Amino acid sequence: MAKTTQLTLTLQSKPGVLAKISRTLADAGVNITALCAGETAGRGRIRMLVSDPARAKEALKAAKYRPGEEPALTLTLEDRPGALARVAEKLAQGKINIKCAYATTAGGGTSTVVLTVSNADKAQALLGG
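One structure accompanies this document, and this report is about it.

Cut-off values and rules
- Residues numbered from 1 in each chain as written.
- Predicted model: local features only at pLDDT ≥ 70, side-chain atom pairs only at ≥ 80, totals over all residues.
- Heavy atoms only, no water.
- Helix = DSSP H or I, 4+ residues; strand = E, 2+ residues; numbered from the N terminus.
- Salt bridge = Lys/Arg side-chain N within 4 Å of Asp/Glu carboxyl O.
- Buried < 20%, exposed > 50% of the residue type's maximum accessible area, 1.4 Å probe, protein only.
- Pairing = 2+ DSSP bridges.

1. Focus on the environment of Asp27
Along the chain, Asp27 falls in helix α1 (residues 17–27). C-alpha of Asp27 to C-alpha of Ala59: the two residues are 32 residues apart in sequence and 8.6 Å apart in space.

Structure below.
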């Protein structure tokens with residue numbers, strides 16, 4: 001498990017927004033390694049992990065976006081029933097709120113999970129990282 005910083009953008013939800021953001025980062029040579037894009041009431045909230053956060057922020061600001069940052073945790077879990085449940089239960093017992101979670105399973109028996117939590121340092125300590 002690692003503590004990391006994810007970039008955030010809150011934007012109008014409309015066609016082409018993700019295309020423009022991903023093109024901006026691609027042109028700056030920044031790779032998006034994880035992405036979550038949700039929508040509420042016509043507004044989109046994008047959370048992402050990138051290969052070079054400083055360069056990404058620079059490129060996004062130059063393109064007139066207002067990127068924010070928030071701490072997150074990345075975990076590698078076994079790809080089997082109950083793996084995420086155990087993590088979520090530990091955090092709940094520690095009174096840590098999971099504000100956002102997204103994951104991928106790329107095969108090979110593991111999954112990568114990104115958690116945005118109310119207290120990343122406490123969560124990391126609870127989970128043994």
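This is not the end of the story, as more comes after the structure.
2. Observations regarding the pattern of salt bridges
Under the defined criterion, the tally for this structure stands at seven salt bridges. Lys3 is the partner of Asp121 in a salt bridge, and the nearest nitrogen-oxygen pair spans 2.3 Å. With Asp121 in helix α4 (residues 120–126) and Lys3 in strand β1 (residues 2–12), this pair connects stretches of sequence that are 118 residues apart. With relative accessibility at 48%, the residue Asp121 sits in the partly exposed group. One salt bridge connects Arg23 with Asp27, and the closest N-O pair in it is separated by 3.2 Å.

3. Some remarks on the pairing of strand β3 (residues 43–50)
Summarising burial for β3: six of the eight residues are buried, a large majority. Judged from the six bridges that link them, β1 and β3 form a sheet pairing that is antiparallel. Its bridge partner being in β3, Thr10 is matched across the sheet by Arg45. Note that strand β2 (residues 32–40) and β3 share eight bridges and pair antiparallel. The residue of β3 that forms the bridge with Ala37 is Ile46. Where β2 folds back onto β3 in an antiparallel hairpin, the turn is made up of two residues, including Ala41, whose phi is positive at roughly 50°.

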